[in-house]
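This is what each chain is made of:
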Amino acid sequence: MSESGAVPLLTEIADGVATLTLNRPEALNALNRPLKDGLLDALRRVARDRDVRVVVLTGAGRAFCAGQDLREQGDGTSLAVELRERYNPLILGLRRLEKPVIAAVNGVAAGAGVSLALACDLRIAAEEASFVLAFGRIGLVPDSGLTWFLPRLVGPARAAELFFAPDPISAQEALRLGIVNRAVPGSHLMAEVGGLAARLASAAPRAMALAKRALNRSLEVDLEAALAYEASLQGIAGATADHQEGLAAFREKRSPRFRGE
Ligand code: LHQ
């Protein structure tokens with residue numbers, strides 16, 4: 001429970017989609033300890049839940065996430081320790097989760113809130129959303145993976161400009177830069193995200209999990225290693241019942257029914 005008695009993270013599971021909602025709207029979903037711990041716990045649970053095929057991360061109210069809660073009373077823990085013990089496991093939890101994660105960026109994302117969105121596989125933003133790289137304004141460096149994700153999305157020169165002279169990035173600009181996959185009117189956001197999530201929930205789960213592994217690996221290795229890794233993953237995918245189902249559905253001219261086996 002949060003200080004106001006509300007649950008800081010809401011989890012709803014329906015039709016193979018787990019929707020995790022950061023729920024501190026009065027603080028623009030700033031990340032305090034209960035919210036960070038709740039999110040980490042939820043990621044562990046959805047990782048184990050075979051009924052969950054897709055995860056959606058969003059925020060309650062008008063914001064996605066304003067980053068670290070700047071009002072939280074510190075207990076003396078250094079920022080480095082807080083990052084190592086809480087933020088870094090969250091970011092790795094999102095990247096290592098073998099299910100697609102869609103960030104439904106419903107409003108402003110700031111600081112580590114931007115990092116959370118970038119650690120997801122796909123980002124759909126409301127046109128009203130913005131991205132604020134607020135770290136420099138409070139004398140901090142970008143963290144929680146931002147120095148890793150942003151240059152890979154926009155290139156090092158643009159990342160440097162965004163880090164050093166951080167004007168808020170509108171959803172349209174984020175779309176142009178390749179930071180988000182789509183920008184849609186806010187009133188359509190959850191329908192758009194729901195449509196994409198439903199589509200992914202009917203895809204072959206094991207194949208998507210392996211594709212996510214390959215994407216993660218591709219960012220760190222040369223072509224030869226990527227080819228070798230693809231071949232080994234294809235060996236695994238080719239031995240699944242879902243591959244047989246996909247072949248049968250193709251031959252029988254029907255939609256496949258993938259069971260994640
Ligand atoms: C907030 C926050 C907030 C608490 C708005 N905390 N209450 C990681 C590891 C360890 C340590 C340090 O850092 C990190 C990484 C980080 O995340 S550092 C970056 C932390 N985040 C920020 O610096 C963003 C601070 N917030 C803002 O700049 C603005 O609030 C934005 C641009 C997000 C939105 O501006 P507005 O739409 O004008 O809203 P507002 O400023 O009026 O905020 C509404 C309320 O939310 C307000 O509370 P109040 O009681 O006055 O209504 C804010 O105090 C509260 N709030 N962000 N991070």
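Residues numbered from 1 in each chain as written. Predicted model: local features only at pLDDT ≥ 70, side-chain atom pairs only at ≥ 80, totals over all residues. Heavy atoms only, no water.

### A look at the packing of aromatic side chains
Turning to step 1, where the next piece is worked out: On inspection of all chains with the given rule, the structure shows one aromatic pair.
Turning to step 2, where the next piece is worked out: Pairing Trp-148 with Phe-149 gives two aromatic rings, centres 5.4 Å apart and planes at 90 degrees, and the pair type is edge-to-face.
Turning to step 3, where the next piece is worked out: Take Trp-148: its relative accessible area is 29%, and that puts it in the partly exposed class.
Turning to step 4, where the next piece is worked out: Of the residues examined, Phe-149 reaches a relative accessible area of 9% and is grouped as buried.
Turning to step 5, where the next piece is worked out: If you follow Arg-152 out to its NZ or CZ, it ends over the ring of Trp-148, 3.8 Å from the centre.
Turning to step 6, where the next piece is worked out: Positioned above the aromatic ring of Tyr-229 is the side chain of Arg-217, whose terminal nitrogen or guanidinium carbon lies 3.9 Å from the ring centre. (Phe/Tyr/Trp six-rings, centres within 6.5 Å; stacked < 30°, edge-to-face > 60°. Buried < 20%, exposed > 50% of the residue type's maximum accessible area, 1.4 Å probe, protein only. Lys NZ or Arg CZ within 6 Å of the ring centre and 35° of its normal.)

### Section: unusual backbone geometry
Turning to step 1, where the next piece is worked out: Phi angles above zero are rare outside glycine, and Asp-15 is one such case at about 50 degrees.
Turning to step 2, where the next piece is worked out: Turning to its location among the elements, Asp-15 is positioned in the loop between strand S1 (9–14) and strand S2 (17–22).
Turning to step 3, where the next piece is worked out: Positive phi values are uncommon outside glycine, yet Ser-144 reaches one of about 55 degrees.
Turning to step 4, where the next piece is worked out: Considering the arrangement of structural elements, one finds Ser-144 in the loop between strand S8 (130–132) and helix H4 (146–154). (Helix = DSSP H or I, 4+ residues; strand = E, 2+ residues; numbered from the N terminus.)

### Examining the confidence of the model for the chain
Parts of the prediction with low pLDDT should not have their coordinates interpreted in detail.
Turning to step 1, where the next piece is worked out: Summing up the model confidence of the chain, the mean pLDDT is 96 and the portion of residues at 70 or higher is 98%.
Turning to step 2, where the next piece is worked out: Here helix H5 (residues 156–164) is the element of the chain with the lowest mean pLDDT, 96, and strand S5 (residues 101–105) is the one with the highest, 99. (pLDDT = per-residue confidence, 0-100.)

### Considering the pattern of salt bridges
Pairing is possible between side chains that carry opposite charge, provided their charged atoms lie close to one another.
Turning to step 1, where the next piece is worked out: A full pass over the atoms with the stated rule returns 15 salt bridges.
Turning to step 2, where the next piece is worked out: Across the pair Glu-245 and Arg-254 runs a salt bridge whose closest N-O atoms are separated by 2.8 Å.
Turning to step 3, where the next piece is worked out: By relative accessible area, Glu-245 is classed as buried at 16%.
Turning to step 4, where the next piece is worked out: Judged by its relative accessible area of 27%, Arg-254 is partly exposed.
Turning to step 5, where the next piece is worked out: When the shortest N-O distance is used, the salt bridge between Arg-259 and Glu-261 registers 3.4 Å.
Turning to step 6, where the next piece is worked out: Look at Arg-259 and you get exposed, because its relative accessible area is 57%.
Turning to step 7, where the next piece is worked out: Residues joined in a network through salt bridges with shared partners are Arg-33, Lys-36, Asp-37, Asp-75, Glu-82 and Arg-86. (Salt bridge = Lys/Arg side-chain N within 4 Å of Asp/Glu carboxyl O.)

### Re the site of the ligand
Turning to step 1, where the next piece is worked out: Taken together, 23 residues lie near the ligand, and Arg-62, Ala-66, Gln-68, Ala-112 and Arg-137 sit nearest.
Turning to step 2, where the next piece is worked out: At a separation of 2.8 Å, an oxygen atom of the ligand approaches a polar backbone atom of Gln-68.
Turning to step 3, where the next piece is worked out: Here an oxygen atom of the ligand and a backbone polar atom of Ala-112 are 2.8 Å apart.
Turning to step 4, where the next piece is worked out: Expressed as a share of its isolated accessible area of 1000 Å², the protein-covered part of the ligand is 70%.
Turning to step 5, where the next piece is worked out: Of all the cavities here, the one that holds the ligand is the largest pocket.
Turning to step 6, where the next piece is worked out: If one sorts the elements of the shell around the ligand by residue count, helix H2 (residues 79–96) sits on top with three residues. (Near = heavy atom within 4 Å. Polar contact = N/O pair within 3.5 Å; in protein donor to acceptor, adjacent residues only side chain to side chain. Areas by Shrake-Rupley, 256 points an atom, 1.4 Å probe, with all protein chains shown as cover. 1 Å grid on protein atoms, 1.4 Å probe; cavity = no way out; pocket = protein on both sides within 12 Å on 5 of 7 lines; lining within 4 Å. Sits in = over half its atoms within 2 Å of the grid points.)

### Things to note about helix H3 (residues 112–119)
Turning to step 1, where the next piece is worked out: Among the eight residues of H3, eight are classified as buried, and the element is accordingly described as predominantly covered.
Turning to step 2, where the next piece is worked out: Of all the positions in H3, only Ala-112, Gly-113, Val-114, Ser-115, Leu-116, Ala-117, Leu-118 and Ala-119 are classed as buried.

### Here's the deal with the sheet that holds strand S7 (residues 122–126)
Turning to step 1, where the next piece is worked out: As summarised here, the arrangement of the six strands in space is S1-S2-S3-S5-S7-S10, forming an open sheet in which the pairing is mixed. The open sheet is flanked by S1 and strand S10 (182–184), the only strands paired with a single partner. The average angle at which neighbouring strand axes cross in this sheet is 20 degrees, direction not considered.
Turning to step 2, where the next piece is worked out: Running over the sheet, H3 touches S2, strand S3 (54–59), S5 and S7 and is turned about 125 degrees from S7. (Pairing = 2+ DSSP bridges. Axes fitted to C-alpha atoms, helices over the stretch in contact; angles between N-to-C directions. Contact = heavy atoms within 4.5 Å.)

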